[in-house]
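Observations on the model geometry
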Amino acid sequence: MSFNHIVIQNILRDKWTYVSYFLSSMFSIIIFFLFSVIVFHPSLTNLDPDSTLGLALMLASLLVYLFSFIYIAYSIMAFLKKKTKTLGIFMITGASMKQIRTLVFRENILIGVLAIITAVILGLVISPLFLMGAKVVLNAETFGMYIPIKAIMLTIGLFLVLFIVISKVMTRFINKEASIQLLKSDVVIEKSINPHFLLLFISIMISIGLGYFLNTDYDIVGSLFYVAFFVSVLCTIYLIISQGMRFLLKAFERSSAYMKQTNMLLASNLNAKMKSHANMLFLITILLSGVFLCTSILFSSYYNVEKDSEANYPYSFQYIAAPKASPSKVESDIKNIEKQLSTVDSQNYFIEFKSNEERRIGYMSISDYNLLHNEKVSLRTNEFIAVAGNRKTLPITNVSNDKYLKQFKLVAVNEKNLLTTGFQQTYFIVPDEVYNNIKYPVYKAYLFELDNWTAHTALAKKIIEDFPHIYDERYVTSRIELYDAEMFTKSVMFFIGSMLSLIFLSAAMSILYFYLQTTLLQEKEKYAGIRKLGLSKKELFTVVSKELAILIFVPFAIAITLLYATLFTMRTMVSAAFLQVSMMSSLCFFSLFFVSFIFIRKSYFKRLLSL
């Protein structure tokens, strides 16, 4: 029997241990391969690497690769933990540490190569459908199928290096003494979790303090503060899970329910594996939190694009003629724009305002203001209205140093942007007779509002191309163009985030599968002994169901709590539809998790009772 034959037989005899590792690795490789197919697509040959799409796709590919590195490393560590006893048998029969490490290395390389080959083949099969979806999401004109030679070579090369490096490094963690000791004792007594309530309190206070600091003082906050906040949150979550689990178990043991039915056995199981359960709950909680936050933020971002575009650019098209502009040129431009808009329903407005160009303060007559707002506001000779010129910036209300409005009385403040955001800092609305006496350069604004404006992106692009900005002559802006650009950005984010969410969700389920696999043999022996004492299948099923429910639904509940806590803190920064979308996605994920729980419980219980 050759050494390679031993490697293959060792895999086949313990094939269920490798199934999740193989499938999860293959899934990660497929995602990376599909991203590479897009990155090297001929339609993107001239794509600027520094553009939004170029950076987003490269960053996504990097994140997928880094996550795969971490995930595969974790998988190998899980396998080594389960195979410790088997490796001890090899050692007792005379195998050297070099041979053991070679055995494990070749096993992992074989699984890795098979995962890479399978992923590339499946990726080639589904890539046409994936490119069709990417074409729709990214709003690309041409995204047809091609032979992705570069994507294939890059995927094979990077992941082959990944498997070699990880397999080589992880085999150094094989401990001869621990393997033989486990083989002799056949039992591993897990250390219990020590009480650290003071540390938990300190960690919570640090997280709250850093969160408050980041929320109130953005000017001096650097990336180091965000890293510190992220680390402190992770530590806090782990301490809450571990210390909370310890506290609840102690409280449960003192309650009257402890002695009822199979609760004593359940509590005993949880106490015996408290530390490993806490670690598993923490890992799944973090992964699910990433899935929930990404999903909610990405889906809800679509709801706010139209509203944000209207807040920045109140009109579908805005043509502002500067004081130095040629009247004949302006007249020609407006006629051409009106001609192009003649095929759609639109409303046109013509107004003017005067500008203190040094302070970027605009002055507008009450007549033009009423025309824009379809109102009949009246002002006395010494009154004015202050209107915002920048989005999310309050207008100036102090006119003590103003040349014309020193003695005027402020009667109203309008925080809604009047024209294109940033063109003027503030607009002062004054009586018509006052406006006529102001001696500042006059800007003429031609405003066009289209019905169903979001459906006219092609028209907007054409007009912007025909009438670009000319400094000191004309300033042309389009809300439709802004909306189209923002939707494209959100689409890229959605495309990337959805793929990453799928990876995180797959990893959460796979990690749980690894955990159940590594403890299956020990659990089978334990429950076989308990059944000899009279435990029925129904009672055993109840204990297993409750324990699996804790491992699946407790991380889900914690992740949902973190999601809504985050939504509450970000309520002023996100869309009003955020909560609605989050609730819908939460219900969908709960349904998915419930189905997964039913499937995992049935499969695990069946294998638990098998010989």
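What comes next is a walk through the structure. The structure presented is a predicted model; accordingly, all values stated were derived computationally and were not measured.

Take the overall build of the protein chain next. The helix and strand tally for the protein chain stands at 18 helices and eight strands. Considering only intrachain contacts with a sequence separation of at least 6, the fraction spanning at least 24 residues in the protein chain is 84%.

Counting 88 residues, the largest nonpolar core has L288, F292, Y527 and V544 as the members making the most contacts within it. Among the elements that take part in this core, helix α16 (residues 479-532) stands out by supplying 17 residues, more than any other. Excluding its chain neighbours within four sequence positions, the residues that come into contact with Y527 are L265, N269, L540, V543, V544, E547 and L608.

On to the side chain of N312. By the secondary structure assignment, N312 is in helix α11 (residues 274-312). Given the relative accessible area of 18%, N312 is considered buried. A distance of 2.9 Å separates the side chain of N312 from the backbone oxygen of D308, its partner in a polar contact. Aside from chain neighbours lying at most four places away, what touches N312 is R391, N417, L419, T420, T421 and L482.

Under the criterion given, the structure shown has 24 aromatic pairs. Seen in terms of ring centroids, Y319 and Y446 are 6.1 Å apart; in terms of plane orientation they differ by 75 degrees. Their pairing is edge-to-face. Here Y319 is found in strand β1 (residues 317-321), whereas its partner Y446 is found in strand β7 (residues 442-450), with 127 residues between them in sequence. On the accessibility criterion, Y319 (1% relative accessible area) is buried.

Let us look at the pattern of salt bridges. Here the structure, examined in full by the defined rule, presents nine salt bridges. The partner of E449 in a salt bridge is R479, with the nearest N and O atoms 2.4 Å apart. A residue pair is termed long-range when its members are at least 10 positions apart, and E449 in strand β7 and R479 in helix α16 qualify at 30 residues. Take E449 and R479: they sit in the same class, and that class is buried.

Attention now moves to the sheet that holds strand β2 (residues 346-356). Strand order in the open sheet formed by eight strands is β5-β4-β6-β3-β2-β7-β1-β8, and the pairing between neighbours is mixed. Bordering the open sheet on either side are β5 (409-414) and β8 (474-478), each of which pairs with just one other strand. On average, each strand axis in the sheet is tilted by 25 degrees relative to the strand beside it, whichever way the strands run. As defined by bridge partners, β1 adjoins β8 across five bridges and the pair is classed as antiparallel. What sits directly across from Y319, in β8, is V476.

Position of D472 relative to the elements: it lies in the loop between α15 (457-466) and β8. It is 7.1 Å that separates the C-alpha atoms of D472 and A325, two residues lying 147 residues apart in sequence. Each residue touching D472, except ones within four places of it in the same chain, is listed here: A322, K324 and A325.

Rules behind the numbers
- Residues numbered from 1 in each chain as written.
- Predicted model: local features only at pLDDT ≥ 70, side-chain atom pairs only at ≥ 80, totals over all residues.
- Heavy atoms only, no water.
- Helix = DSSP H or I, 4+ residues; strand = E, 2+ residues; numbered from the N terminus.
- Contact = heavy atoms within 4.5 Å.
- Core = buried A, V, L, I, M, F, W, Y, C linked by side-chain atoms within 4.5 Å.
- Buried < 20%, exposed > 50% of the residue type's maximum accessible area, 1.4 Å probe, protein only.
- Polar contact = N/O pair within 3.5 Å; in protein donor to acceptor, adjacent residues only side chain to side chain.
- Phe/Tyr/Trp six-rings, centres within 6.5 Å; stacked < 30°, edge-to-face > 60°.
- Salt bridge = Lys/Arg side-chain N within 4 Å of Asp/Glu carboxyl O.
- Pairing = 2+ DSSP bridges.
- Axes fitted to C-alpha atoms, helices over the stretch in contact; angles between N-to-C directions.

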